[in-house]
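Structure at a glance
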Amino acid sequence: MKKVALHNLGCKVNAYEMEAMQQLLGKNGYNIVPFSESADIYIVNTCTVTNMADRKSRQMLHRAKLRNPEAVIVAAGCYVQEKGTRADECIDIIVGNNRKKDIIEILSQYEREKKKEVFDARLDIGRTREYEELSLTQTAEHTRAYIKVQDGCNQFCSYCIIPFTRGRVRSRSIQSVISEVESLAENGYKEVVLTGIHLSSYGTDLGGEEDRLLALILKVHDVKGIERIRLGSLEPRIITEEFVKKLCRLPKICPHFHLSLQSGCDETLRRMNRRYTSGEYYEKCCLLRKYFKNPALTTDIIVGFPGETEEEFEKSRDFVSKVSFYETHVFKYSKREGTKAAAMKQQIPEEVKNARSRILLDLSRQKQEAFENELIGTVKEVLIEEEEMCEDGLYGIGHTKEYVKIRQKINPKQVNQIVNVEIESHLQIMH
């Protein structure tokens, strides 16, 4: 049995695909070992969303080679999808996006041919219209399962390389998704998270409205054993009154919505090619708060986008304050070669990005504390995901529907159960 070690970088979609590859390897007789150990084959699922992601991808590939110079080094995912054979000299096999399902066949072919040059297993991702069928029966988390339902993106935001590394929108069939959800439910999973590269585009390539995201959510809601449905990152334009009205009638839906923003300034949004205004975005937040009682709204913000003046940054900061997100993920703009933004003039100095990032992070902490203050004195349903024994008894750690992490004394055998918890103080809330 050959030993295989795997390491994932990047988003939840990447993590899903890595677990699916690991499951395939295990079923086909490979011995899965930790990445920190010596192995015959190392697989790194790479990321290229930022320059730092590129650097981390190269670092992990070199780390694998150092652990066993004789090992076969496999690089999969976005970084090598874009760079190809230019990615790094230590790579033996490149596995592009949409070829991860073929990992067993690729390893077997490499072993048979024993090529000296890099074995390049990539498709022309920009021309691919077929969804790559991968599935899981269990995941690293034992209570919550992330389910990939969609790949690719047609948005072409001016700062983003992902449409070039993931290709156009491709949706998984509803039947395939439901089959996986049913299997996970049978294995005891209580919560599923629907995720994709551009989740809001789910079904737009399949035909009619009956194949869109809301239709998928309704089908997942019917699966017995699943008690919670959480949604991955959404584009604001999908939040219509009809969509939210139907969503709020589904008791399994978690009132935790991640709406990608990137900037609260309309001028910056136009340069980013984001296709909505701050006013339209605010209307969507108001709609969610109209139909859901105190939902947790979270977002992403980029600071230091090319041309972002002090006035534009102030507009963005004021908008973030106005919306009062539960959590704001702040990213400093990272120049990506091959995107329109990389060629834009007025690139912002790093020290300015750092200063703006600190301001928004401070604001995020204030808003997070304010949201959590409103939970004190309420009773929330918490899915217990893990337990820890302390001197004064057994504690469970889990999340509310709003995805607030809670620590609470529990009875034995309450892991993977939903329990009602009265939140009496901030001491119960974890970060």
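A brief report on the enclosed structure follows. The shown structure was predicted, so the numbers you read here are calculated from the model rather than taken from an experiment.

Quick look at the sheet that holds strand β13 (residues 327-332)
Read across the open sheet, the three strands follow the order β11-β12-β13; overall the sheet is parallel. Edge strands, defined here as strands with exactly one partner in the open sheet, are β11 (256-258) and β13. For this sheet, the mean angle separating the axes of adjacent strands, direction not counted, is 15 degrees. Across six bridges, strand β12 (residues 296-303) lies against β13 in parallel orientation. By the bridge assignment, Thr299 is partnered in β13 with Thr328.

Things to note about the pattern of salt bridges
On inspection of all chains with the given rule, the structure shows 30 salt bridges. Its salt-bridge partner being Lys100, residue Glu17 comes within 2.6 Å of it at the nearest N-O pair. Here Glu17, found in helix α1 (residues 12-27), pairs with Lys100, found in the loop between β5 (93-95) and α4 (103-113); they are 83 residues apart in sequence, far enough to count as distant. Across this residue pair, the class does not change: Glu17 and Lys100 are buried. In this structure, Glu310 engages Arg356 in a salt bridge whose closest nitrogen and oxygen atoms are separated by 3.2 Å. Within this pair, whereas Glu310 is found in helix α11 (residues 310-323), its partner Arg356 is found in helix α12 (residues 350-373), the two being separated by 46 residues in sequence. Each of Glu17, Lys100, Lys148, Asp151, Arg166 and Arg170 takes part in salt bridges that share partners, so that together they form one network.

A short note on the pairing of strand β10 (residues 228-231)
What you see with β10 is no split at all: Arg228 and Arg230 on one side and Ile229 and Leu231 on the other are buried throughout. Relative to β10, strand β9 (residues 191-196) runs parallel, the two sharing four bridges. Along β10, the bridge assignment pairs Val193 with Arg230.

Quick notes on the sheet that holds strand β17 (residues 418-422)
Taken together, five strands build an open sheet; the order of strands is β17-β14-β15-β16-β18 and the sheet is antiparallel. Each edge of the open sheet is held by one strand with a lone partner, namely β17 and β18 (429-430).

Observations regarding the packing of α1 against α4
Think of two packed helices as two axes; the pair is described by the angle between the axes and how far apart they sit. As a packed pair, α1 and α4 sit with axes 9 Å apart at the nearest point and diverge in direction by 60 degrees. Compared by their axis directions, α1 and α4 come out oblique. Judged by residue contacts, Met21, Leu24 and Leu25 of α1 engage Ile103, Ile104 and Leu107 from α4. For the contact of α1 with α4, the per-class residue count stands at six nonpolar, no polar and no charged.

With respect to the pairing of strand β14 (residues 379-390)
On a regular strand, each side chain points to the face opposite its neighbour's, so the side chains alternate between the two faces of the sheet. Sheet analysis places β14 next to β17, joined by five bridges and oriented antiparallel. In the sheet register, Leu383 faces β17, and the bridge partner there is Ile418. Linking two consecutive strands that pair antiparallel, namely β14 and strand β15 (residues 393-400), is a turn of two residues.

Here we look at unusual backbone geometry
Here the phi dihedral of Phe156 falls at roughly 55 degrees; this positive angle occurs in a residue that is not glycine. Residue classification places Phe156 among the partly exposed positions, given a relative accessible area of 32%. One non-glycine residue, Lys413, lies in positive phi territory at about 70 degrees. With respect to the helices and strands, Lys413 occurs in the loop between β16 (405-409) and β17. Taking the relative accessible area as the measure of exposure, Lys413 reaches 78% and is therefore exposed.

Considering the side chain of Asp54
Along the chain, Asp54 falls in helix α2 (residues 51-67). Only 3.1 Å separates the side chain of Asp54 from the side chain of Arg336, close enough to count as a polar contact. For Asp54, the residues in contact, after removing those within four places along its chain, are Cys47, Thr48, Tyr79, Lys83 and Arg336.

Notes on the environment of Met60
Within the secondary structure, Met60 sits in helix α2. Under the relative-accessibility criterion, Met60 is labelled buried at 9%. Separated by 18 residues in sequence, Met60 and Tyr42 place their C-alpha atoms 9.7 Å apart. When near neighbours in sequence (up to four residues on either side) are disregarded, Met60 contacts His7, Leu9, Phe35 and Val44.

Focus on the environment of Leu261
Among the secondary structure elements, Leu261 is positioned in the loop between β11 and α9 (266-272). Assessed through its relative accessible area of 0%, Leu261 is described here as buried. Through-space distance from the C-alpha of Leu261 to that of Ser278 is 8.4 Å; in sequence the pair is 17 residues apart. Leave out the neighbours within four places in its chain, and Leu261 touches Leu269, Arg274, Tyr276, Tyr281, Thr299, Asp300, Ile301, Phe319, Val320 and Phe325.

Cut-offs used in this document
- Residues numbered from 1 in each chain as written.
- Predicted model: local features only at pLDDT ≥ 70, side-chain atom pairs only at ≥ 80, totals over all residues.
- Heavy atoms only, no water.
- Pairing = 2+ DSSP bridges.
- Helix = DSSP H or I, 4+ residues; strand = E, 2+ residues; numbered from the N terminus.
- Axes fitted to C-alpha atoms, helices over the stretch in contact; angles between N-to-C directions.
- Salt bridge = Lys/Arg side-chain N within 4 Å of Asp/Glu carboxyl O.
- Buried < 20%, exposed > 50% of the residue type's maximum accessible area, 1.4 Å probe, protein only.
- Parallel < 35°, antiparallel > 145°, perpendicular 65-115°, else oblique.
- Contact = heavy atoms within 4.5 Å.
- Nonpolar A, V, L, I, M, F, W, Y, C, P; charged D, E, K, R; others polar.
- Polar contact = N/O pair within 3.5 Å; in protein donor to acceptor, adjacent residues only side chain to side chain.

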